[in-house]
Amino acid sequence: MIEAESQVQLGRFAGLFALPDTVGGQLSADAPEPGYFADLQLDQLVDAVVIGREEYDLEPAFRLRLLDLSAIERRQSVFADLEDDRLRSAMQAFCDGLARCKRQFASASRIRHQQQSQRWRLNAIAAYVEVIEAVIAALDEAAPSSTGMRAWLEWLRQYRASRAFTAAATGSRTLLADLGALRYTLSISGDEIIASPFAGQDDLSADILAVFERFRSADVAPHRFDLRPGAEMNQLHQAVLNLVVRLFPDVFDRVAHFVDQHRVIGDTVIDLVERELQFALSWLDFIAPMRHAGLPFCVPDVRPARRLDVTDSFDVLLAHTLVAAGQRPITNDVALAGDELTLVVTGPNQGGKTTLARTVGQLYHLAAIGLPVPGRSVALHPPDSILTHFDRGDRAGDVRSRLEEEVTRVADLLTKAGARSVVILNEMFSSTTWADAREMSSDVLRTVLDAGAVCVCVTFIDELSRLHPRVVSLVTAIDERDVTRRTFKVARDRADGRAHAIALAAKYGLTQEQLRARIEGR
């Protein structure tokens, strides 16, 4: 086993950035999906990001926000290093190489022929050594600046110098060279094959080919035994290998002894870093098509002071879908200045209000796990809680009314809101009358303002945008030249219901232009 003295003599290594530990299968129970995930569609986002990497159990790493600013910055610095294409490619090659070694070791355990199984194990050990040496060379060349990458490079250097790894590297190379140097001849007479040591006999192949050259009409496929490691052996191959083993028992005995000493390859630290790299690479691979399409991503400026200042941001899950279809999402700016706390978003239906609210919630979560986020620039604080309320409609089996269920959920949310919380409210109390919804929504927003939380509230009640001096009014725009068309742009403006009214009138053919055209018979 190449576990070496890593845990004893090489010291403890915290990893590139602290991901939740999966040792003993405890992670799933300790890291349930946050309650706001479905509302913000983060559950769908994570599912899309981790496709093809299910074996690494990455979902919990995307669920758990970091409250420690230094931990967030540590992750951000690693992502900054991975912006180097060469380094990122090298880290992908490292992960791919480890995966190949594991597959080869697993395949070896299923091979029934003893010597072939041993050779596959020997190849896997040699390949593992090459993977480690290659990643050290890549890190040396890239000279990363992040604390995590530099610490890992130092750990790798010590690991390579350890007695166990040195023995594995030297032993595997020596044995592969010894096996490659074996020479023997096969004498075939009828159905009898005899193997004997190579004694310098002439290779008659060239002479035979020269004799029959004049009869050749076209190239033919060669008929050769393929005894290279990795090729499946049939019974004839196995019989020949058995003869070779009897010719060179010392070499094969040394191979057997060596692989018996290295029944498992790897190290707990290597496994840790591999999973962390899979976490980082999965996100970078996911956003790569969006970047290629010209959409901006940035390392967010995360500081303790409560704030929100975003330019050219977008819903990353929606962007993923649109880019795949050859389209691009509309980007938006959103900011709180001075002592502003709450954004009230109004405007016509299907204008992008809910998408904007989800985008803000997504930004806070993604920034709090140290990822590059969608936007030209993003500045915010690490929230101690993200609280959401989205309409969930009627649910079968719920004996309470829809309004009662909604009031209960909102009341629970308000008990958790604090000065470092982020609250996302979408179309509260739409199941009751406008007057009741206005009164109850006003009470909710006042409570959130008193708590000092950052809040985004999507509503059909314009009056909420004028509730308090710390409330900012955002309005989704329509195309002035075509009032039926949504621009999906959101801007600071007074909520007067005009845009919504125009959109409704246009839907039913009641705008001034539509009525005039009807009167004039156009």
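Residues numbered from 1 in each chain as written. Predicted model: local features only at pLDDT ≥ 70, side-chain atom pairs only at ≥ 80, totals over all residues. Heavy atoms only, no water.

Enquirer: What exactly am I supposed to notice about the packing of aromatic side chains here?
Expert: In this structure the tally under the stated criterion is eight aromatic pairs. Ring centres 4.7 Å apart and planes at 50° place the aromatic pair Phe62 and Phe279 in the tilted group. Note that Phe62 is positioned in helix α3 (residues 59–63) and Phe279 in helix α12 (residues 268–292), a separation of 217 residues in sequence. Taken together, the aromatic side chains of Phe62, Phe79 and Phe279 make up a single cluster linked through ring pairs. (Phe/Tyr/Trp six-rings, centres within 6.5 Å; stacked < 30°, edge-to-face > 60°. Helix = DSSP H or I, 4+ residues; strand = E, 2+ residues; numbered from the N terminus.)

Enquirer: I keep staring at the pairing of strand β12 (residues 454–458) and nothing clicks. Help me out?
Expert: A regular strand places its side chains on the two faces of the sheet in alternate fashion. Burial analysis of β12 places five of its five residues in the buried class, which makes it a mostly covered element. Side chains of β12 alternate between two faces, with Val454, Val456 and Val458 and Cys455 and Cys457 buried alike. Alignment of strand β11 (residues 421–426) against β12, held across five bridges, turns out to be parallel. If you follow Leu425 over to β12, its bridge partner there is Cys457. Handedness of the crossover is the feature at issue here: the chain leaves β11, passes through helix α16 (residues 434–451), returns alongside β12, and the resulting connection is right-handed. (Buried < 20%, exposed > 50% of the residue type's maximum accessible area, 1.4 Å probe, protein only. Pairing = 2+ DSSP bridges. Right-handed = clockwise from strand over helix to strand, strands pointing away.)

Enquirer: Would you mind going over the sheet that holds strand β4 (residues 301–302) with me for this structure?
Expert: Strands in a sheet are paired, the pairing made by backbone hydrogen bonds, and the direction either parallel or antiparallel. Sheet architecture is open: four strands sit in the order β4-β9-β5-β6, paired in mixed fashion. With partners counted over all chains shown, the strands left at the sheet margins are β4 and β6 (332–336), one partner each. Summarising the sheet, strand β5 (residues 308–313) and β6 pair through four bridges and their orientation is antiparallel. Across the sheet, the residue bridging to Val310 is Val334, located in β6. Of the strands in this sheet, β4, β5, β6 and β9 (377–380) touch helix α14 (residues 353–368), which is tilted by about 110° from β5. (Contact = heavy atoms within 4.5 Å. Axes fitted to C-alpha atoms, helices over the stretch in contact; angles between N-to-C directions.)

Enquirer: Help me out: how do you make sense of the side chain of Gln76 in this one?
Expert: Topologically, Gln76 is positioned in helix α4 (residues 69–81). Reaching out from Gln76, the side chain makes a polar contact with the backbone oxygen of Pro300 at a distance of 3.0 Å. (Polar contact = N/O pair within 3.5 Å; in protein donor to acceptor, adjacent residues only side chain to side chain.)

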